[in-house]
Amino acid sequence: MPDELRPTPKIRARGRSFLALVLSPEPVLADWLAGLDAQIARSSTFFAGKPVILDLSLLDATTEGLADLYPALRARGIRIIGIEGGDASWPACAAWDWPAGFMGGRASGAVDIPDDATPVQPQPPRASSMIIEQPIRSGQVIMNPDGDIIIVGSVGSGAEVTAGGSIHVYGPLRGRAIAGMNGQPDARIFAHSMQAELLAIDGYYITAEEIDPRYVEKPAQIILSNDTLVVQPLVPPAFPGRKS
């Protein structure tokens, strides 16, 4: 077939979403880095392999120690894929390898590239729950950035469950559970048997050593209250007894 008669192929693009951690340093930077080191000491693998966005909105161009911030994070093995809330023209950031953008994430559905004449109708996001009926084994990573995750079974040590909403585990939770990652501080984590290595809600997290021993291997829930994770017993509601 002559080239001029060949139909023009329709170009399609694959959508790709990803889940990144956001670090928001605040003055005094030396103290903030010391706090970060303490968290890393408690959970050395928390940042391992995870994309991180550096949010500079709590800082300004004159913040003391700003020039050393980016190298300090890189030295700690933190992989910065994007920087927001700041300006690459700040003198203190002149030597930074300022990321131009970021790629990667989990695959999503196909995305059509519309013609210029075709109006684009924005679609509101749909939060949906993910239900998993088998155990989550060590090394597995389960993510649902758009809603809750419900696991009818156990989460093994070394596994990770990350949700934009809440996490429900109807069995032992031995791995890591990260809820509210899309800025949902009202998200919760529920477990039939609390044995987690790490728990996080909306960027705040605690490790196994910080969980009150009274709730270990017991039904428990985790909530975020005043920027602090609180572990509470998971007590079923009391129903009035039937009168004979």
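Here we summarise the structure given alongside this text. Here the structure is a predicted model, which is why all the values come from computation and not from measurement. (Residues numbered from 1 in each chain as written. Predicted model: local features only at pLDDT ≥ 70, side-chain atom pairs only at ≥ 80, totals over all residues. Heavy atoms only, no water.)

## A short note on the sheet that holds strand β16 (residues 228-233)
Spatially, β6-β8-β10-β12-β15-β16 is the arrangement adopted by the six strands of the open sheet, whose pairing is mixed. Looking at which strands have only one partner, the edges of the open sheet turn out to be β6 (130-132) and β16. Averaged over all neighbouring strand pairs, the angle between strand axes comes to 25°, with direction disregarded. Where strand β10 (residues 167-173) meets strand β12 (residues 189-194), five bridges bridge the pair, whose relative direction is parallel. In the sheet register, Pro172 faces β12, and the bridge partner there is Ser193. (Pairing = 2+ DSSP bridges. Helix = DSSP H or I, 4+ residues; strand = E, 2+ residues; numbered from the N terminus. Axes fitted to C-alpha atoms, helices over the stretch in contact; angles between N-to-C directions.)

## Some thoughts on the sheet that holds strand β14 (residues 204-207)
Strand order in the open sheet formed by five strands is β7-β9-β11-β13-β14, with mixed pairing between adjacent strands. Two strands in the sheet have a free side with no partner beyond their single neighbour: β7 (141-144) and β14. Neighbour-to-neighbour, the strand axes of this sheet turn through a mean angle of 5°, independent of strand direction. Pairing of β7 with strand β9 (residues 160-163) involves four bridges; the strand directions are parallel. Counterpart to Met143 in the pairing with β9 is Thr162.

## As for the pattern of salt bridges
For the structure on display, the rule yields three salt bridges. In this structure, Arg176 engages Glu160 in a salt bridge whose closest nitrogen and oxygen atoms are separated by 2.6 Å. Placement of Arg176 in strand β11 (residues 176-179) and of Glu160 in strand β9 is noted, with a sequence separation of 16 residues between them. Grouping residues by exposure puts Arg176 and Glu160 together as buried. For Asp212, the salt bridge is made with Arg214, and the minimal N-O distance between the two is 2.8 Å. Given a relative accessible area of 26%, Asp212 falls into the partly exposed group. (Salt bridge = Lys/Arg side-chain N within 4 Å of Asp/Glu carboxyl O. Buried < 20%, exposed > 50% of the residue type's maximum accessible area, 1.4 Å probe, protein only.)

## A short note on the layout of surface pockets
Estimated volume of the largest pocket: approximately 740 Å³. Lining the largest pocket we find 24 residues, and of these Val22, Leu23, Gly203, Tyr204 and Tyr205 sit closest to its centre. Elements that contribute at least two residues to the lining of the largest pocket include exactly β2 (21-23), α1 (29-42), β14 and β16. Broken down by class, the residue content of the lining of the largest pocket amounts to 15 nonpolar, six polar and three charged. Shared between two domains, the lining of the largest pocket takes at least three residues from each, and those domains are domain 1 (21-93) and domain 2 (130-233). (1 Å grid on protein atoms, 1.4 Å probe; cavity = no way out; pocket = protein on both sides within 12 Å on 5 of 7 lines; lining within 4 Å. Points joined across faces, edges and corners; volume = space filled by probe spheres on them. Nonpolar A, V, L, I, M, F, W, Y, C, P; charged D, E, K, R; others polar. Domains from an automatic or database assignment.)

Function cannot be inferred from these measures alone, as they are strictly geometric.
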